[in-house]
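Spelled out, the chains give:
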Amino acid sequence: MLYSHEVQHMCKVAKGAKHPCAPIPQEGKWTHAKEIRDISGFTHGVGWCAPQQGACKLSLNIKEGIIEEALVETIGCSGMTHSAAMAAEILSGKTILEALNTDLVCDAINTAMRELFLQIVYGRSQSAFSEDGLPVGAGLEDLGKGLRSQIGTMYGTVAKGPRYLEMAEGYVTKIALDSDDEVIGYEFVNLGKMMEFVAKGTDANEALKKASGKYGRVADAVKLIDPRKE
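Here's what I pulled together on the structure shown here. Note that this is a predicted model, so its numbers are computed, not measured.

**A few points about the overall build of the chain**
No. 1: Looking only at helices and strands, the chain has seven helices and 11 strands in total.
No. 2: Here the C-alpha radius of gyration of the chain, 25 Å, is well above what a compact globule of 230 residues would show, namely 17 Å.
No. 3: In the chain, which comprises 230 residues, the proportion classed as buried is 34%.
No. 4: Contacts in the chain between residues at least 24 apart in sequence constitute 52% of all its contacts with a sequence separation of at least 6.
No. 5: When the accessible surface of the chain is totalled, it reaches about 14600 Å², and 55% of it is carbon and sulfur.
No. 6: When the 25 basic and 30 acidic side-chain charges of the chain are each reduced to a single mean position, those positions are 1 Å apart.

Shown next, in the form of structure tokens:
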């Protein structure tokens, strides 16, 4: 290490204050994080690309500074799905500092990594107060049994009102309207469950029926409309 001429000729003054870094909550413990390996936790971050065309939700399970599990969910841009595929391979096994300084192929994923890094190094993880944190595989639990992202897609105009296209329950097939033409419920099909039934040998029409459901006061509807055609 190089010192300037002025510093070299200064007299030494003892450092009296002993002021350590603030402890952060991590997996049921309070940790004085000094090194990357001191960081553990499971948490989420959301990022967006420069033109704000799409967004990414990134979920990481970090153990002793290493990314052991990564869930990459994207919406709004077709190219992001391919970027997410590459990021899923890139992220696992890296330290969070390495991941922060690695090109994760897509601006939105890079931004999500930055936001997530800030959360977790400050102790704002989802598992901050969970003893020993969450096991590897916890990311899949966010997706449910169908292993599909929970996506909401809605569209509306002044002239024709709202159209429900996709809900957490699944792909919306019908919107239920009352006598005032107000939405009181909807019918849907859970595509993840449907594909599971088909994969097990169930006839496609039967699988569609078994994976379908209703939400709200569909039974009281005056009419049902197809949100994509009517």
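Okay, back to it.
**Section: the side chain of Asp226**
No. 1: Within the secondary structure, Asp226 sits in the segment after β11 (223-225).
No. 2: Here Asp226 is buried and forms no salt bridge, its nearest opposite-charge partner Lys229 lying at an N-O distance of 4.4 Å.
No. 3: Those residues in contact with Asp226, other than ones at most four positions away along the chain, are Thr173 and Lys174.

**A short note on helix α2 (residues 78-91)**
Three or four residues apart is the spacing at which side chains of an α-helix point the same way, because the helix has 3.6 residues per turn.
No. 1: In a regular helix each residue adds 1.5 Å, so 14 residues correspond to 20 Å; α2 covers 21 Å between its end C-alpha atoms and thus fits that length.
No. 2: If you check which residues of α2 are buried, you get Met80, Ser83, Ala84, Ala87 and Leu91. Along the long axis of α2, the arc covered by the buried residues comes to 110°, so they all point the same way. Among the exposed residues of α2, those oriented more than 90 degrees off its buried face are Ser78, His82 and Glu89.
No. 3: Next to the buried residues of α2 lie β4 (55-63), β5 (66-75), α3 (96-100) and α4 (107-121).

**A few points about the nonpolar core**
No. 1: Residues Cys56, Leu58, Leu60, Leu91, Ile96, Ile109 and Met113 are the most contacted members of the largest nonpolar core, which totals 24 residues.
No. 2: At the level of elements, β4, β5, α2, α3 and α4 are the ones that each hand at least two residues to this core.
No. 3: If you tally residues by element for this core, the top one is α4, at seven residues.
No. 4: Sequence-distant contacts of Cys56, that is, excluding residues within four places in its chain, are made with Gly45, Val46, Gly47, Val72, Glu73, Thr74, Met80, Ala108, Ile109 and Ala112.
No. 5: Listed in part, the seven residues of the second largest apolar core include Met167, Ile175, Phe188 and Ile225.

**A few points about the packing of aromatic side chains**
The geometry of an aromatic ring pair comes down to the distance between the two centres and the angle between the two planes.
No. 1: Throughout the structure, instances matching the rule amount to four aromatic pairs.
No. 2: Judged by centre distance (5.3 Å) and plane angle (25°), the rings of Tyr186 and Tyr215 are stacked. Highlighted residues: Tyr186 in strand β9 (residues 183-189) and Tyr215 in strand β10 (residues 212-216), separated in sequence by 29 residues.
No. 3: Of the residues examined, Tyr215 reaches a relative accessible area of 48% and is grouped as partly exposed.
No. 4: Taken together, Tyr164, Tyr186, Phe188 and Tyr215 form an aromatic cluster joined through their ring pairs.
No. 5: Between Lys210 and the ring centre of Phe197, over which it is positioned, the NZ or CZ distance is 4.4 Å.
No. 6: Across from the ring centre of Tyr171, 3.8 Å away, lies the NZ or CZ of Arg228, which sits over that ring.

**Here's the deal with the pairing of strand β8 (residues 170-177)**
No. 1: One ladder, built from two bridges, connects strand β7 (residues 161-167) with β8; its direction is antiparallel. For Met167, the partnering residue across the bridge sits in β8 and is Gly170.
No. 2: Between the antiparallel neighbours β7 and β8 lie two residues.
No. 3: Counting the residues in the hairpin turn of β8 and β9 gives five residues, including Asp181, whose phi is positive at 65°.

**Overview of the sheet that holds β4**
The strands making up a sheet are joined through hydrogen bonds of the backbone, oriented either antiparallel or parallel.
No. 1: Pairing within the open sheet is antiparallel, and its three strands lie in the order β3-β4-β5. Sheet topology places β3 (41-48) and β5 at the edges, where each strand pairs with a single neighbour. If you compare each strand with its neighbour and ignore which way they point, the axes differ by 15° on average.
No. 2: Pairing between β3 and β4: eight bridges, direction antiparallel. Bridged to Trp48 within β4 is Ala55.
No. 3: Contacts between α4 and the sheet are confined to β3, β4 and β5, with β3 contributing the most and set at about 140° to the helix.

About the thresholds
- Residues numbered from 1 in each chain as written.
- Predicted model: local features only at pLDDT ≥ 70, side-chain atom pairs only at ≥ 80, totals over all residues.
- Heavy atoms only, no water.
- Helix = DSSP H or I, 4+ residues; strand = E, 2+ residues; numbered from the N terminus.
- Rg over C-alpha atoms; globule rule 2.2 N^0.38 Å.
- Buried < 20%, exposed > 50% of the residue type's maximum accessible area, 1.4 Å probe, protein only.
- Contact = heavy atoms within 4.5 Å.
- Areas by Shrake-Rupley, 256 points an atom, 1.4 Å probe, with all protein chains shown as cover.
- Lys, Arg positive; Asp, Glu negative; His and termini not counted.
- Charge placed at Lys NZ, Arg CZ, Asp CG, Glu CD.
- Salt bridge = Lys/Arg side-chain N within 4 Å of Asp/Glu carboxyl O.
- Expected span 1.5 Å × (residues − 1).
- Arc of directions from axis to C-beta.
- Core = buried A, V, L, I, M, F, W, Y, C linked by side-chain atoms within 4.5 Å.
- Phe/Tyr/Trp six-rings, centres within 6.5 Å; stacked < 30°, edge-to-face > 60°.
- Lys NZ or Arg CZ within 6 Å of the ring centre and 35° of its normal.
- Pairing = 2+ DSSP bridges.
- Axes fitted to C-alpha atoms, helices over the stretch in contact; angles between N-to-C directions.

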